[in-house]
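Structural characterization, general
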Amino acid sequence: MALPGTPSPPRIERFSSPEAACRSLALEIAALVREKPDARLGLPTGRTPIPLYRELARLHREEGLSFARACSFNLDEYLGLAADDARSFRAFMREHFFAQVDFEPRNVHFPNVAGEPEREARAYAQELRAAGGLDLALLGLGRNGHVGFNEPGSGRDSSARVVELADQTRADAAVAFGGLANVPVRAITLGLAEILEARAIRMLAFGAAKSEVVRRMLLEPASQACPASLLRGHADLALLLDEGASTGLPR
Ligand code: GLP
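Report follows, based on the coordinates. (Residues numbered from 1 in each chain as written. Predicted model: local features only at pLDDT ≥ 70, side-chain atom pairs only at ≥ 80, totals over all residues. Heavy atoms only, no water.)

The helix and strand inventory of the protein chain stands at eight helices and 10 strands. For a compact globule of 251 residues, the expected C-alpha radius of gyration is about 18 Å, and the protein chain comes in at 17 Å, within 12% of that figure. Sorting the 251 residues of the protein chain into buried and exposed places 54% on the buried side. Of the contacts made within the protein chain by residues no fewer than 6 positions apart, 79% connect residues no fewer than 24 positions apart. With an accessible surface of roughly 11,100 Å², the protein chain has 53% of that area assigned to carbon and sulfur atoms. Charge centroids of the protein chain, computed over 30 positive and 32 negative side chains, lie 2 Å from each other. (Helix = DSSP H or I, 4+ residues; strand = E, 2+ residues; numbered from the N terminus. Rg over C-alpha atoms; globule rule 2.2 N^0.38 Å. Buried < 20%, exposed > 50% of the residue type's maximum accessible area, 1.4 Å probe, protein only. Contact = heavy atoms within 4.5 Å. Areas by Shrake-Rupley, 256 points an atom, 1.4 Å probe, with all protein chains shown as cover. Lys, Arg positive; Asp, Glu negative; His and termini not counted. Charge placed at Lys NZ, Arg CZ, Asp CG, Glu CD.)

A few words on the site of the ligand. In the region of the ligand, the neighbouring residues are Thr45, Gly46, Arg47, Thr48, Asp76, Gly140, Leu141, His146, Gly148, Phe149 and Lys210. Leu141 is positioned with one of its backbone polar atoms (N or O) 3.3 Å from an oxygen atom of the ligand. Comparing atom positions with the cavity grids shows the ligand to sit within the largest pocket. For the shell around the ligand, the class distribution of residues is two nonpolar, six polar and three charged. (Near = heavy atom within 4 Å. Polar contact = N/O pair within 3.5 Å; in protein donor to acceptor, adjacent residues only side chain to side chain. 1 Å grid on protein atoms, 1.4 Å probe; cavity = no way out; pocket = protein on both sides within 12 Å on 5 of 7 lines; lining within 4 Å. Sits in = over half its atoms within 2 Å of the grid points. Nonpolar A, V, L, I, M, F, W, Y, C, P; charged D, E, K, R; others polar.)

Applying the stated rule across the entire model yields 19 salt bridges. Of the charged contacts, one joins Asp85 and Arg87 as a salt bridge, the two residues approaching to 2.8 Å between their closest N and O atoms. With relative accessibility at 12%, the residue Asp85 sits in the buried group. Given a relative accessible area of 34%, Arg87 falls into the partly exposed group. Note that Asp236 and Arg202 form a salt bridge whose closest N and O atoms lie 3.1 Å from each other. Here Asp236, found in the loop between helix H7 (211–219) and strand E10 (237–242), pairs with Arg202, found in strand E9 (residues 200–205); they are 34 residues apart in sequence, far enough to count as distant. By relative accessible area, Arg202 is classed as buried at 3%. Taken together, the shared-partner salt bridges connect Arg11, Glu13, Glu28, Arg202 and Asp236 into one network. (Salt bridge = Lys/Arg side-chain N within 4 Å of Asp/Glu carboxyl O.)

Buried residues of helix H3 (residues 89–96): Phe89, Ala91, Phe92, Met93 and His96, and no others. Check the buried side of H3 and you find it contacts strand E2 (40–43), helix H2 (50–63), strand E3 (71–74) and strand E4 (76–78).

Next up on the list: the packing of aromatic side chains. All told, the structure shown has 12 aromatic pairs when counted by the stated rule. Seen in terms of ring centroids, Phe89 and Phe149 are 5.7 Å apart; in terms of plane orientation they differ by 20°. Their pairing is stacked. Highlighted residues: Phe89 in helix H3 and Phe149 in the loop between strand E6 (136–139) and strand E7 (161–164), separated in sequence by 60 residues. Grouping residues by exposure puts Phe89 and Phe149 together as buried. Here the aromatic rings of Phe98 and Phe103 are separated by 5.3 Å at their centres, their planes lie at 85°, and the arrangement is edge-to-face. No difference in accessibility class separates Phe98 from Phe103, as the two residues are buried. (Phe/Tyr/Trp six-rings, centres within 6.5 Å; stacked < 30°, edge-to-face > 60°.)

Moving on, we get to the layout of surface pockets. Looking at the largest pocket, its volume works out to about 990 Å³. Among the elements of the structure, E4, H3 and helix H5 (167–173) are those that each provide at least two residues to the lining of the largest pocket. When residues in the lining of the largest pocket are grouped by element, the largest group, five residues, is from H5. Tallied by class, the residues present in the lining of the largest pocket amount to 20 nonpolar, 11 polar and seven charged. In this structure, the second largest pocket occupies an estimated 150 Å³ of space. If you go around the second largest pocket, the residues you meet are Glu77, Tyr78, Leu81, Ala82, Ala83, Ser88, Arg90, Asn112, Val113 and Ala114. (Points joined across faces, edges and corners; volume = space filled by probe spheres on them.)

In structure tokens form, the structure reads like this:
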């Protein structure tokens, strides 16, 4: 048992499937929200968390799990998209989660991408600080080691800011945008500093395509070249992996 605030090794939990991992994490989130109804959750997008949002919506629908007093802070949002663009992270979250559960709209937070970007990024960090920081940061993992949009080169003390998206990140998003040329080049992201200040961090990674970055994150020296590796010192970090994402790790 690590003392609060002292680095401890991340917990690695292996599951038979993404659905099994997401059922386990959904139960942990449900327990947190029931114990702390005003819990502040950092939320990711991407394919990885879709089964998690599906299970949380089921717990809300079938078991009365309520988010009515909880707060959400999405990790990031693209810059340069129209406010009603169906490819925005706002649209993703509405489709996969918020339309199916009972967050109060005033408690759902995204970076404001309609203002001056750097000022809005700083304002987002301040908004999160004023709310008391994250109780739980839920993360996916980019294939180049990014978390949120903290791309390679991001430091532990990086705060919310405007970022240039890496070529690999944009390539991975090209299908969703109907071609690379349509993929935004910049975004606003919460920084590693805000993520590391969360009381707990839970990372999901599934599939063989993530096995190499999971191995780099956990087994190579912590480095800005793999920003996820900089999370290893956190006092309460757990990775929930399926078999495919675990193949780079010792049994
Ligand atoms: C995007 C998001 C990240 C997410 C990553 C991986 O870059 N900004 O938060 O972790 O994609 O997405 P996927 O889960 O689809 O592999």
